[in-house]
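# Fold and geometry: a report
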Amino acid sequence: MRRILIDADTGIDDSIAILYALKSRNLHVEGITTCFGNSGAAQSADNCLRLIRLSRCGYEVPVVVGAECTLDGQVETAPAHIHGENGIGNVILPESARKPLEMDAADFILRKAEELDGELVIVTTGRLTNLARALEKDPRLPGKVKRVVTMGGCMDVPGNVSPVAEANIYGDARAADMVFRAGFHMILVGLDVTTKTFITEKELDDAERYCSEESRDAVAYIREALKLYFEYHRLSEGMVHRSFVHDPLALLIAEDASLGEYKMLRAGVEYQAPAFRGMILTDGRFRGEMDHDEIAVCVRVDADRAVRRLFSVFH
Ligand code: RIB
Ligand code: CA
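Notes on the structure follow. By convention here, each chain's residues receive numbers from 1 onward along its written sequence. Chain labels run from A onward and ligand labels from 1 onward, assigned in the order the entries are written. pLDDT decides what is reported in this predicted model: residues at 70 or higher carry local features, side-chain atom pairs at 80 or more are listed and counted, and totals for whole chains, interfaces and linings draw on all residues regardless. Side-chain figures throughout are based on the complete set of non-hydrogen atoms in the structure, without hydrogens or water.

### Thoughts on the coordination of the calcium ion (ligand 2)
- Coordinating N, O and S atoms are those within 2.8 Å of the metal (3.2 Å for Na, K and Ca), and as water is not part of the atoms, a site may appear to have fewer donors than expected. Looking at the calcium ion (ligand 2), one finds its protein donor set to be Asp9 (OD), Asp14 (OD), Asp14 (OD), Thr125 (O) and Asp247 (OD), positioned 2.2 to 2.6 Å from the metal centre.
- Counting gaps between the donor residues of the calcium ion (ligand 2) yields the pattern D-x4-D-x110-T-x121-D. Highlighted residues: Asp9 in the loop between β1 (2–8) and α1 (12–23) and Thr125 in the loop between β4 (120–124) and α5 (129–137), separated in sequence by 116 residues.
- Assessed through its relative accessible area of 1%, Asp9 is described here as buried. Runs of H or I in DSSP of at least four residues are treated as helices and runs of E of at least two as strands, each being numbered from the N terminus. Exposure categories follow from relative accessible area, calculated using a 1.4 Å probe and restricted to protein chains: below 20% of the type maximum is buried, above 50% is exposed, and the middle band is partly exposed.

Given below as structure tokens:
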């Protein structure tokens, strides 16, 4: 059983990732911290509480509201035509009786890392602001967690917010640079693989047909929320009745890294030159004692196996 903390900007694909994690028997969600991005951090936390209720996961999951702006105080959220006014495709899920934990998100991350004594896996599906703030408070954090798995970045494919940058990395590039260079055992799941992985109507039809009674509401929610996301992919990518699989792929890889192939790289993120903001910079010249700084960049994925597994938890 992997013990994970999810840090999310709970949009449509984040919400599917979170439902997957809550449903998987191989994962235990120790908590969810939220960040601005697809919507505000408080809205994201409210979405998480509703998703936890919807999942019927059978255990308590603390939710903590995190950063509402970048490390440098900028607020930029995604336009509503991507994830809807509420981040989850304008679907209104039943309210939760629970409230977010009143605690600083960085402190929550540090507390969980201490509590789990090297076992915690942190999965980020939004900006890296909360994790960077945790690092500012305790630079020894990388030695206290098992791994960080991050959905973000693009290496050999174009970005989705600029020719060189992906949204989660661009959205707080300085935070991303701090995290990349901090010495975490880190896996980066970027657009190179998430744009090779698709959810189509067929997966949704099959999920509806084969889901358990207990998962019926969750599957209905996914279908409804994806309507807007499919439309966004049609307008922006010319894709018909399908979407990329960004955030769920990070969760799937956190659970089973054998879904991907990796290249070890020393990497940082450009955050000063405006035209290159969010671009990942790699350096292959360092070796030997500096190799511990390398991160594992996912360069290939078994997309069919990943998508099959994604929907298998609803059976
Ligand atoms: O670039 C894709 C990422 O941006 C995903 O995490 C999506 O949810 C958005 O935040
Ligand atoms: Ca996200």
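Now, onward.
### Side note on the pairing of β4
- Where burial is concerned, most of β4 is hidden: five out of the five residues are buried.
- Burial along β4 is two-sided: the face carrying Leu120, Ile122 and Thr124 and the face carrying Val121 and Val123 are both buried.
- Two strands pair under a simple rule: DSSP has to find at least two bridges between them. Direction of pairing for β1 relative to β4: parallel, over a ladder of five bridges. Within β4, the position partnered with Leu5 by the bridge is Ile122.
- Direction of pairing for β4 relative to strand β5 (residues 147–151): parallel, over a ladder of four bridges. Each residue of the ladder has a partner; that of Val121, found in β5, is Arg147.
- Here the term right-handed applies to a crossover when the path leading from its first strand over the helix to its second strand runs clockwise, the strands being oriented away from the viewer. For the handedness criterion, the β-α-β arrangement of β4, α5 and β5 is classed as right-handed.

### Quick word on the site of ligand 1
- The near set for a molecule or strand comprises every residue that places at least one heavy atom within 4 Å of it. Around ligand 1, the structure places 13 residues, and the nearest of them are Asp13, Asp14, Asn160, Glu166 and Asp247.
- The definition of a polar contact used here is a pair of N or O atoms within 3.5 Å, where within protein one atom must be able to donate a hydrogen and the other to accept one, and adjacent residues in sequence count solely through side-chain atom pairs. At a separation of 3.0 Å, an oxygen atom of ligand 1 approaches a polar side-chain atom of Asn38.
- With respect to ligand 1, the side chain of Asp247 contributes an N or O atom lying 2.6 Å from an oxygen atom.
- Residue-level accessible areas treat just the shown protein chains as cover; the underlying method is Shrake-Rupley with a 1.4 Å probe. Calculation on ligand 1 without its partners gives an accessible area of 280 Å², and the protein chains cover 95% of this total.
- Polar here means any residue other than Ala, Val, Leu, Ile, Met, Phe, Trp, Tyr, Cys and Pro, which are nonpolar, and Asp, Glu, Lys and Arg, which are charged; Gly is therefore polar. Taken together, the residues that form the shell around ligand 1 break down as two nonpolar, six polar and five charged.

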